[in-house]
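# Fold and geometry: a report
If you want the building blocks of each chain, they are given just below.
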Amino acid sequence: QVQVMESGGGLVQAGGSLRLSCLASGSIFSINTMGWYRQAPGKQRELVATITSGGSTNYADSVKGRFTIFRGNNKNVVYLRMNSLKPEDTAVYYCNADLIRSSDSTSLNLFGQGTQVTVSS
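From a predicted model like this one, the values you see are computed outputs, not experimental measurements. (Residues numbered from 1 in each chain as written. Predicted model: local features only at pLDDT ≥ 70, side-chain atom pairs only at ≥ 80, totals over all residues. Heavy atoms only, no water.)

Time to look at the pairing of strand β4 (residues 28–39). Sheet topology places β4 next to strand β9 (residues 91–101); ten bridges connect them, and they run antiparallel. Opposite Tyr37, over in β9, you have Tyr94 as the bridge partner. Of the pairings in the sheet, the one linking β4 to strand β5 (residues 46–52) comprises six bridges and is antiparallel in character. Looking across to β5, one finds that Met34 is bridged to Ile51. Taking the residues that link successive antiparallel strands as the turn, the β4-β5 hairpin has six residues, and the phi of Gly42 there is positive, at about 80 degrees. (Pairing = 2+ DSSP bridges. Helix = DSSP H or I, 4+ residues; strand = E, 2+ residues; numbered from the N terminus.)

Quick look at the structure:
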């Protein structure tokens, strides 16, 4: 079974920092893109940042210069470093992985269960 799991959310004051972690585990042949999305109450899920297997990154305008996405030494791990957090960053953050399953070479696009980030003013 292939799954994606996030960790590292929590409560932080405005201006503070958090680091989210995500692990894609299971029978994985390769991972193309991993990324982070978020969904605030009453709003649609939106892209925060993505990183390809080659290291190319993409950020939402709202987080550019404040958030950094990067992969760990284990290429199945991705992090999101969030600095200068604002109350409007409050949301459930979801990890996403676009990968190929080893068992049958099926392409999968998976989301984790999400981790809550709350920024107080």
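Moving on, there is more to tell.
Under the criterion given, the structure shown has two aromatic pairs. Where Tyr37 meets Phe111, the ring centres are 5.4 Å apart and the plane angle is 75 degrees; that geometry is what we call edge-to-face. One end of the pair, Tyr37, is in strand β4; the other, Phe111, is in strand β10 (residues 107–111), and 74 residues separate them in sequence. Their ring planes at 25 degrees and their centres at 5.1 Å tell us that Phe70 and Tyr79 sit as a pair that is stacked. Residue class for Tyr79 comes out buried when judged on its relative accessible area of 18%. Sitting over the ring of Tyr94, Arg45 keeps its end group 3.8 Å from the ring centre. (Phe/Tyr/Trp six-rings, centres within 6.5 Å; stacked < 30°, edge-to-face > 60°. Buried < 20%, exposed > 50% of the residue type's maximum accessible area, 1.4 Å probe, protein only. Lys NZ or Arg CZ within 6 Å of the ring centre and 35° of its normal.)

As a further point, take the nonpolar core. In this structure, Trp36, Leu80, Met82 and Tyr93 are the most contacted members of the largest nonpolar core, which totals 33 residues. At the level of secondary structure, the elements contributing two or more residues to this core comprise β3 (18–25), β4, β5, β7 (67–71), β8 (77–82), β9, β10 and β11 (115–120). The contacts of Leu80, once residues within four sequence positions are left out, are Leu18, Arg19, Leu20, Trp36, Val48, Ala49, Phe67, Thr68, Ile69 and Tyr93. (Core = buried A, V, L, I, M, F, W, Y, C linked by side-chain atoms within 4.5 Å. Contact = heavy atoms within 4.5 Å.)

In space, the four strands of this open sheet follow the order β1-β3-β8-β7, with antiparallel pairing throughout. The strands lining the two open edges of the sheet, one partner per strand, are β1 (3–7) and β7. On average, adjacent strands in this sheet sit at an angle of 15 degrees to one another, irrespective of strand direction. Pairing of β3 with β8, which is carried by six bridges, proceeds in the antiparallel orientation. The partner of Leu23 across the bridge, within β8, is Val77. (Axes fitted to C-alpha atoms, helices over the stretch in contact; angles between N-to-C directions.)

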